[in-house]
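# Notes for the structure review
Each chain, written out:
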Amino acid sequence: MASKSICLYFQVHQPTRLRLYRFFDIGKDSHYYDDFANRTILRRVAQKCYLPMNQLMLELIGQYKGKFKIAYSISGSALEQFQRFAPEVIESFKALAATGRVEFLAETYYHSLASLASESEFRHQVQKHAALIEELFGVKPVTFRNTELIYSNGIGEMVYDMGYKTMLTEGARHIMGWQSPNYVYTGETQPKLKLLLRNYSLSDDIAFRFSNKGWNMWPLSAEKYVNWMKESAKEGDIVNLFMDYETFGEHQSAESGIFDFMRALPGAVLKDGTFGFATPAEIVKKYKPVSDIAVEDPISWADEERDVTAWLGNELQSEAYKKVYAMTEKLSIVNDPDLWNDFGHLQESDHFYYMCTKFFSDGEVHKYFNPYDTPYEAFINYMNVISDFQIRLDEKRAALDVKETAHEEMKKAPAKKPVRKTVAKKK
Amino acid sequence: MRVLMFGWEFPPHIAGGLGTACEGIVKGLAYNGVETLFVMPSASGDEDQSATTIINASDVAVDNVSETVEEYLDKVKFIHIGSNLVPYADPEEFGKLVEEDKKRQVKDFSISFGQKFKFSGKYGANLMEEVARYAMVGGTIAMQKKDEFDVIHAHDWLTYYAGIAAKELTGKPLVIHVHATSFDRGSVDNIDTRVFAIEKKGMEIADRVVTVSDLTRTTVINRYGINPDKVVTVHNAVDFSGRENLVVERGVKEPVVTFLGRITYQKGPEYFIEAAAKVLKRTKNVRFVMAGSGDMMNRAIRHAARLGISDRFHFTGFLRGMDVQKMFALSDVYIMPSISEPFGISPLEAMRTGVPSIISKQSGAAEILKYAFKVDFWDVDAMADDIYALLSYPALADFSARMGYDEVNALKWNGACAKLKKVYESVVK
């Protein structure tokens, strides 16, 4: 029996891209999304990545009879798009769920930055996501991963409070110092929350470097990679390989051999015998935490900085972020399902990522993920949408006032029977 | 009276306001009984020639108008194709370089004779070369049409060389028309010295200099050192004939305050943003739009974001075609806070659409528009006051809209061109 474990977790997410929304549209047209682009991109990625990779995972799970295990986190935004544009992807995830070897993690429904902005909104989105996962895959998530692996002491406390005993985050160098990410840790201010930290070096060997022919380790074989993992885990119990699922077939093309690599990996690992595969929930049962980790300012898995400046690093981003979350209170008074729905999609972290100015010079990788030519265009477009949203919100709010006034009037009038009804309960 | 006129563009294919003004001028001149031959670098053939005859410089081969190449070069010696900057050359070496350059020029010009040059007629990278070639072709045309005009009229620095060449070769009087100067394109300590030199040369050689405003007249006199006696202001006009005002369905409920133009330093976009922030402190019932693009656009976006007003301050990017009319139709107040504006046609467009306008005192239009609100470009408090007043007091807005509409409709090129005809008459013996 292998004493050490590999924890493979894949992130599945697709943003709800906004259409070109001009000033002239404000107040006239409240459809914000580029359905054509969203559908086209989703169907392409489904063909190149989701469907073939799910098929491969299913085969490997069958082939190794329970010894190969993986975890997924699928954002609500992605699941909505699957339901609309490629329901067969949902079916293939259901087939994976049915094997019992796959753990589905909880996250914010809209892949949002709510954990940084609003506790109530954060909780709402986590619950909404968990409910959808349970509905689709029949399992209630027990492990949490936040958008882009964003974590801080405070976020950890909220997450534990919501009933999650385990959380995934980045093994950020500036936080870890000399410590190895290959152990289970706990939160500093919530010691009952267990933390699994991404081994960024080994994860990025697959996610970023795999097809790079200029890399002195190219080409990467499963055997070579197992040796690296053994080397890394000399110190430690686990190797946490966390990456975007789109790595397979989309970021790294099928021609690069990425699927062959993944097909060979479980066999190579199991043959070597040092490692087994385990899901996050199994890992925390099997291994004891070695220490706590102090994270005052939020960390993430993005960029060299491993902080949140990819989304909230410049004045455009903070302005957009402030303006969108300033509406939370009014929204909960109005409590309109259509507005909630748009509000959720407008919170997707991707919209803020498009406004990032860090990569003006070497924006190749980022450009790939970005439908806008410049961060300024992204900002203008987003703010125009927000303006329209605000108008709708204000109109609904005003209508509510009229109703309430009428209600008050009725109360004042000599009533035939006592009026006891209050305004509709808010969620 | 017959005029050989050098322009750079003519509707329908225009990049700026110069072409539109030229069309108004030739039509106004025709009304006043003045015939024009209008030369442009690259005509498309779909120009309206009812009031003028268009000569496409791209169709004309450079003629051997002088006895020898040397003589030609001697007459039009100011023309240099290409710019040869040689840093750190000692005097002897420099002399040698100048000789070589002269030889090269003679060669270049010899080759040019008998050839046509395909002008782009745009404002591209080899603009200086096009300007010099335009002068050569312009000289040729002037010689060919020698008996068909009495006076030469050149619009803005791009055509000054052509005008000078025509004057040097035919001996006929030259009027140059200053629609803008280098000081309207860059700040005082950051002007293009090559363009400045061409402008100064043109103004010095011209028999009369026409400016589009007294503001520009002052610039010509003070900054270019031109004798005030030969500088005459003829204010621009606008041709609104056949214009129907658009009816546009509004999306936003709030009144809209609009800036429309290039987002560059001289247009004062930053002052508009500051004024907007001040107004928004007093009322939320307003939206601001900055329409257009330019090298200060990104800075303006950041500026608005920093002030936290981005949900009320919108950017549209560059507007094309009908979108410009649409933007005016959606506006309740128009603002032009230019730091330097030789004339500024956009407030006239706004007022014609029934939109009250606030313009900077540093614009030529301020000299003739009685019913526009005038503020110093730097006075954001006054700007904010006027915006607020126009939004809050309907009587004021209605009055200025109505009076402004009548005012700009009364501005006609026919009147401006009568003045222009007098200018011609003063130089033709």
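Rules behind the numbers
Residues numbered from 1 in each chain as written. Chains lettered and ligands numbered in written order. Predicted model: local features only at pLDDT ≥ 70, side-chain atom pairs only at ≥ 80, totals over all residues. Helix = DSSP H or I, 4+ residues; strand = E, 2+ residues; numbered from the N terminus. Rg over C-alpha atoms; globule rule 2.2 N^0.38 Å. Buried ≥ 20, exposed ≤ 12 C-beta atoms within 10 Å, placed from the backbone. Contact = placed C-beta atoms within 7 Å. Axes fitted to C-alpha atoms, helices over the stretch in contact; angles between N-to-C directions. Parallel < 35°, antiparallel > 145°, perpendicular 65-115°, else oblique. Left-handed = near helix turned anticlockwise from the far one by under 90°. Nonpolar A, V, L, I, M, F, W, Y, C, P; charged D, E, K, R; others polar. Pairing = 2+ DSSP bridges. Domains from an automatic or database assignment. Core = buried A, V, L, I, M, F, W, Y, C linked by C-beta atoms within 7 Å. Expected span 1.5 Å × (residues − 1). Right-handed = clockwise from strand over helix to strand, strands pointing away. pLDDT = per-residue confidence, 0-100.

Moving on, we come to the overall build of chain A. Tallying secondary structure elements over chain A gives 18 helices and 10 strands in all. The C-alpha atoms of chain A give 23 Å as radius of gyration, which agrees with the globular expectation for 427 residues (22 Å, within 12%). The principal-axis extents of the C-alpha atoms in chain A amount to approximately 85 × 45 × 40 Å. Considering chain A as a whole, with its 427 residues, one finds that 45% of them fall into the buried category. Within chain A, contacts between residues separated by at least 24 positions form 79% of all contacts whose residues are at least 6 apart in sequence.

Bringing the overall build of chain B into the picture now. A count of helices and strands for chain B gives 15 helices and 13 strands. By the burial criterion, 47% of the 429 residues in chain B qualify as buried. The long-range share in chain B, meaning contacts at least 24 apart out of those at least 6 apart in sequence, stands at 71%.

As a further point, take the packing of helix α5 (residues 157-170) of chain B against helix α7 (residues 193-205) of chain B. Residue and element names in this part refer to chain B. Viewed as axis vectors pointing N to C, α5 and α7 meet at an angle of 40 degrees, and their least axial separation amounts to 9 Å. In terms of axis orientation, α5 runs oblique to α7. Judged by the twist between their axes, the crossing of α5 over α7 is left-handed. Residue-level inspection shows W157, Y160, Y161, G163, I164 and K167 of α5 in contact with α7, the latter providing V195, I198, E199, K201, G202 and I205. When grouped by side-chain class, the residues that make up the contact of α5 with α7 number 7 nonpolar, 2 polar and 3 charged.

In this section: the interface of chain B and chain A. Listed as interface residues are 16 residues of chain B and, on the opposing side, 19 residues of chain A. Those elements that place two or more of their residues in the side of chain B that touches chain A are α10 (297-306) and β10 (313-317) of chain B. Top contributing element to the side of chain B that touches chain A by residue count: α10(B), with 5 residues. In terms of residue class, the side of chain B that touches chain A is built from 5 nonpolar, 6 polar and 5 charged.

Right, let's talk about the sheet that holds strand β9 (residues 287-291) of chain B for a bit. All names here are of chain B. Ordered in space as β10-β9-β8-β11-β12-β13, the 6 strands form an open sheet in which the pairing is parallel. Every other strand in the sheet has two partners, leaving β10 and β13 (373-375) as the edge strands with one partner each. Adjacent strand axes in the sheet meet at a mean angle of 20 degrees, parallel and antiparallel pairs treated alike. Both strand β12 (residues 357-360) and β13 contribute to a ladder of 3 bridges, which runs parallel. Along β13, the bridge assignment pairs S360 with V375.

All names here are of chain B. We note that the domain assignment places domain 1 (2-237 + 415-427) and domain 2 (256-410) within chain B. With 14 residues of domain 1 at the interface, the matching set in domain 2 holds 10 residues. Among the elements of the structure, α6 (182-185) and α8 (214-224) are those that each provide at least two residues to the side of domain 1 that touches domain 2. Here the element with the most residues in the side of domain 1 that touches domain 2 is α8; it accounts for 3 residues. Looking at the side of domain 1 that touches domain 2 residue by residue, the classes come out as 4 nonpolar, 8 polar and 2 charged.

Quick look at the sheet that holds strand β6 (residues 208-211) of chain B now. Backbone hydrogen bonds hold the strands of a sheet together, and the pairing may be parallel or antiparallel. All names here are of chain B. Across the sheet, which stays open at both edges, the 7 strands sit in the order β3-β2-β1-β4-β5-β6-β7 with parallel pairing between neighbours. Among the strands making up the open sheet, the edge pair consists of β3 (53-56) and β7 (231-233). In this sheet, neighbouring strand axes are inclined to one another by 25 degrees on average, regardless of whether the strands run parallel or antiparallel. The pairing of strand β2 (residues 35-40) with β3 spans 4 bridges and is parallel. From the neighbouring strand, L37 faces β3, where its bridge partner is T53. Sheet contacts for α8: β5 (174-178), β6 and β7; angle to β7, the most-contacted strand, approximately 165 degrees.

Quick look at the nonpolar core now. Formed by 233 residues in total, the largest nonpolar core has its most connected members in F379(A), V39(B), Y161(B), I301(B) and I387(B). Broken down by element, this core gets its largest block of residues, 9 residues, from helix α18 (residues 375-412) of chain A. Ignoring any residue separated from it by four or fewer positions in sequence, one finds F379(A) in contact with L316(A), A320(A), M355(A) and I301(B).

All names here are of chain A. Under the domain assignment, chain A is made up of domain 1 (4-293) and domain 2 (313-412). Counting residues at the interface gives 26 residues for domain 1 and 20 residues for domain 2. Considering only residue class, the side of domain 1 that touches domain 2 consists of 13 nonpolar, 8 polar and 5 charged.

Its 18 residues place the ends of helix α4 (residues 127-144) of chain B 25 Å apart at the C-alpha level, agreeing with the 26 Å of an ideal helix rising 1.5 Å per residue. The element α4(B) is largely enclosed, with a buried count of 13 among its 18 residues.

Okay, the pairing of β9(B) next. All names here are of chain B. Across the 5 residues of β9, 5 count as buried, placing the element largely inside the fold. Burial along β9 is two-sided: the face carrying R287, V289 and A291 and the face carrying F288 and M290 are both buried. Handedness of the strand β8 (residues 256-260)-helix α9 (residues 269-282)-β9 crossover: right-handed. Pairing analysis gives 4 bridges linking β9 to β10, with the strands arranged parallel. Bridged to V289 within β10 is H314.

This next bit is on the confidence of the model for chain B. Residues and elements named next belong to chain B. In the predicted model, chain B carries a mean pLDDT of 86, and the fraction of residues at 70 or more is 86%. A low-confidence stretch, residues 77-89 (pLDDT under 50), is modelled with 18 contacts involving residues beyond four sequence positions or located in other chains. Overall fold confidence for the complex sits at a pTM of 0.81, while the interface term, ipTM, reaches 0.74.

This paragraph deals with the confidence of the model for chain A. Mean pLDDT over chain A works out to 92, with 93% of the residues at or above the 70 mark. Below pLDDT 50 for its whole length, residues 417-427 of chain A participates in 6 contacts with residues either more than four positions away or in separate chains.

The relative placement of two packed helices comes down to the angle between their axes together with the axis-to-axis distance. Residues and elements named next belong to chain B. Here α9 crosses α10 at 15 degrees, and the two axes come no closer than 10 Å. As summarised for this structure, α9 and α10 are arranged roughly parallel, according to the angle between their axes. Crossing of α9 over α10 shows right-handed handedness. Between α9 and α10, the contacting residues are P269, E270 and I273 on the first element and A300, H303 and A304 on the second. Taken together, the residues of the contact of α9 with α10 sort by class into 4 nonpolar, 1 polar and 1 charged.

This paragraph deals with unusual backbone geometry. That bond from W218(A) to P219(A) is cis: its omega, -5 degrees, falls within 30 degrees of zero. Here P219(A) is to be found in the loop between α8 (200-207) and α9 (222-232). A cis amide bond links P11(B) with the next residue in sequence, P12(B), at an omega value of 15 degrees. Mapped onto the fold, P12(B) is located in the loop between β1 (2-6) and α1 (18-31).

All names here are of chain B. Counting buried residues along β8, 5 of its 5 residues qualify, which places the element largely inside the surrounding structure. With burial as the criterion, each face of β8 is covered, one bearing V256, T258 and L260 and the other bearing V257 and F259. In the sheet, β8 pairs with β9 via 5 bridges, with the strands oriented parallel. Looking across to β9, one finds that L260 is bridged to A291. Two elements, β8 and strand β11 (residues 333-336), share 2 bridges in a ladder whose sense is parallel. Within β11, the residue paired with V257 across the bridge is V333.

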